[in-house]
Amino acid sequence: VGELQAALGEAERQRELQEAEGRALRQELKDVRDGQRILEKKGSAALKDLKRQLQLERRRADRLQERLQELLTPTRTRTGQPGPGGGLRRGGGR
């Protein structure tokens, strides 16, 4: 009977250790999942921000292109030159 009680006590200790290990693993899994969600949210926010920045830069590039066209077109019209490479040179002779 004493040997059986000792074996039963050992089995109960082993069960408690396994339950504690199971709880620890479940908590670790929960922590990893929470960490993944946080990283996904940060990544999504970063991607959204980069897309917004890209859109702003495209708009800026479009405005600069329009401004360049505005600057070039009146010059050609005003001077009567056919365009780049034709007519008189500006900025002193080389």
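Our subject is the structure listed above.
Reading the values: the criteria
- Residues numbered from 1 in each chain as written.
- Predicted model: local features only at pLDDT ≥ 70, side-chain atom pairs only at ≥ 80, totals over all residues.
- Heavy atoms only, no water.
- Helix = DSSP H or I, 4+ residues; strand = E, 2+ residues; numbered from the N terminus.
- Buried < 20%, exposed > 50% of the residue type's maximum accessible area, 1.4 Å probe, protein only.
- Areas by Shrake-Rupley, 256 points an atom, 1.4 Å probe, with all protein chains shown as cover.
- Salt bridge = Lys/Arg side-chain N within 4 Å of Asp/Glu carboxyl O.

Participant: Could you give an account of the overall build of the chain, with specific residues and numbers?
Facilitator: Looking only at helices and strands, the chain features one helix and zero strands. Residues classed as buried in the chain amount to 3% of the 94 residues present. Put simply, the chain shows about 9,000 Å² of open surface, and 55% of that area lies on carbon and sulfur atoms.

Participant: Which residues make up the pattern of salt bridges, and what values do they have?
Facilitator: Applying the stated rule across the entire model yields seven salt bridges. The partner of arginine 52 in a salt bridge is aspartate 49, with the nearest N and O atoms 2.7 Å apart. Linking arginine 52 with aspartate 49, this pair stays in helix H1 (residues 2-79), spanning three residues, or about one helical turn. On the accessibility criterion, arginine 52 (44% relative accessible area) is partly exposed. Judged by its relative accessible area of 31%, aspartate 49 falls in the partly exposed class. If you follow the salt bridges from partner to partner, you end up with Lys30, Asp34 and Arg37 in one network.

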